[in-house]
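Chains, contacts and geometry: an overview
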Amino acid sequence: MRALIEVRDLHFRYPDGTPALSDVSFTVGVGERVALLGAAGSGKSTLLQHLNGLLRPDGGTVHVDGLPVEGDNLRDVRRRIGLVFQDPNDQLFLPTVIEDVAFAPLNDGATPHDAAHRSSDVLQELGLVGLERRPAHHLSGGERRLAALATVLVSQPAVLALDEPTGDLDAESRARLVQLLRRRSETMVLATHDLPVARALCHRAVVLRRGAVVWDGALPELLGDEQTLVRFGLHAPLDS
C-alpha cells in the first residue's frame, strides 16, 4: 500500500516551551481510515495541524503524497489534505454558507460558475439545500458541522483530516454525520475521543499519550482490551 502520509520523528513545543509532540512517527496508506485517539491534551489537534503545515515542527518531517510539508509545497499539500477544524466557527467566516463553500475553489482559480456548481453539488450531498444564503450563526450545531465539512469536500482532497467532528452534536446529528462519512472514499485521519464513532468509521488506531505514540494497530484489538484503554485514558464503548 502506497503511503500517502508519512510522519517521521516529529517534535513540537508550544511557544511557551511546553512539549506537545515527541518523536511521533507513523504512516497512512492510500484508502486507510485511521482513528487518532488520546485523552484531552494528548496532542491530537496539534498533530493534525502539522499535516497541512498550519504548524511547523521543531524537529522531524511530514510528507504528504511524497511532498515535504513546507515552503513552496504548502499550496499543493493543502489541496491534498482537507482539514476540518474542531470548531466550525474557525472555518465559516463569510456572510453566507454558499460563499464559505465557494471560497476555496474561487481561491484556487475556478470560475464563479464552476465554483457555484461545485458548491451546490456538495451542499446537496450533505443535505444543506435551502440553507445556502443563511449566515453560519443562524445554523444549528449539526448544520454548522456539515457546512464546515462542505468547505473542505468542495476541493476534493485526497485526505480528510477531521478534528472531533462529532464533539458537540446531538444523537441524530451525530448519526447523520457518521453515515455521510461512511459513504466517502477518501483516506481519513479522524481525531476523536468518541470511540463508537471511531469504531464506525476506522479500521486502525494511533493512540497519543502526552504527545507520544503509545499504540499503532488494529482498532478492534484496542477496543477489546479494557485495561489498555484505561491506561491510555480512554473508555470502552458501552455497547462493546
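Model, not experiment: these values are computed from the prediction. (Residues numbered from 1 in each chain as written. Predicted model: local features only at pLDDT ≥ 70, side-chain atom pairs only at ≥ 80, totals over all residues. Heavy atoms only, no water.)

**Digging into the layout of surface pockets**
In this model, the largest pocket occupies a volume close to 740 Å³. Arg78, Ala104, Asn107, Thr151 and Ser155 are, among the 24 residues lining the largest pocket, the residues nearest its centre. For the lining of the largest pocket, the secondary-structure elements that each account for two or more residues are helix 2 (74-80), strand 6 (81-84), helix 3 (97-107) and helix 5 (141-153). Per-element accounting of the lining of the largest pocket gives the leading share, five residues, to helix 3. Its residues assigned to classes, the lining of the largest pocket comprises 11 nonpolar, six polar and seven charged. Size it by volume and the second largest pocket reaches roughly 150 Å³. Looking at which element gives the most residues to the lining of the second largest pocket, the answer is helix 1 (residues 44-51), with three residues. For the lining of the second largest pocket, a count of residues per class yields three nonpolar, eight polar and three charged. (1 Å grid on protein atoms, 1.4 Å probe; cavity = no way out; pocket = protein on both sides within 12 Å on 5 of 7 lines; lining within 4 Å. Points joined across faces, edges and corners; volume = space filled by probe spheres on them. Helix = DSSP H or I, 4+ residues; strand = E, 2+ residues; numbered from the N terminus. Nonpolar A, V, L, I, M, F, W, Y, C, P; charged D, E, K, R; others polar.)

**Thoughts on the environment of Pro19**
You can see Pro19 is positioned in strand 2 (residues 19-29). Along the primary structure Pro19 and Gly211 are separated by 192 residues, whereas in three dimensions their C-alpha atoms are 7.5 Å apart. Setting aside chain neighbours within four positions, we find Pro19 in contact with Phe12 and Arg13. (Contact = heavy atoms within 4.5 Å.)

**What about the nonpolar core?**
Formed by 45 residues in total, the largest nonpolar core has its most connected members in Leu37, Leu126, Leu149, Leu162, Leu181, Leu219 and Leu222. With seven residues, the single largest contributor to this core is helix 5. Beyond its immediate chain neighbours, meaning those up to four positions away, Leu149 contacts Val84, Leu126, Leu162, Leu177 and Leu181. Counting residues in each nonpolar core, the second largest holds 29 residues, with Ala20, Val77, Val159 and Leu208 among its members. (Core = buried A, V, L, I, M, F, W, Y, C linked by side-chain atoms within 4.5 Å. Buried < 20%, exposed > 50% of the residue type's maximum accessible area, 1.4 Å probe, protein only.)

**Here we look at empty space enclosed by the protein**
One pass over the full model with this rule turns up one cavity of 30 Å³ or more. One number sums up the size of the largest cavity: a volume of about 50 Å³. Residue lining of the largest cavity: Val84, Arg145, Leu149, Leu162, Pro165, Leu177 and Leu181, and that is the complete set. Only helix 5 and helix 6 (171-182) provide two or more residues apiece to the lining of the largest cavity. Its residues assigned to classes, the lining of the largest cavity shows six nonpolar, no polar and one charged.

**Some thoughts on the packing of helix 3 against helix 4 (residues 112-125)**
Two numbers describe how helix 3 lies on helix 4: the axes approach to 9 Å, and their chain directions differ by 125°. When the interaxial angle is binned, helix 3 and helix 4 end up oblique. For the pair helix 3 and helix 4, the crossing hand works out as right-handed. Contacts between helix 3 and helix 4 involve Val97, Ile98, Val101, Ala102, Pro105 and Leu106 on the former and, on the latter, Pro112, Ala115, Arg118, Ser119, Ser120 and Leu123. For the contact of helix 3 with helix 4, the residue count by class is nine nonpolar, two polar and one charged. (Axes fitted to C-alpha atoms, helices over the stretch in contact; angles between N-to-C directions. Parallel < 35°, antiparallel > 145°, perpendicular 65-115°, else oblique. Left-handed = near helix turned anticlockwise from the far one by under 90°.)

**Thoughts on unusual backbone geometry**
Phi at Asp23 is positive, roughly 55°, even though this residue is not glycine. In this structure, Asp23 sits in strand 2. In the Ramachandran plot, Glu164 falls in the positive-phi region, its phi being about 50° despite a non-glycine side chain. For Glu164, the position within the fold is in the loop between strand 7 (159-163) and helix 6. Since its relative accessible area comes to 9%, Glu164 is described here as buried.

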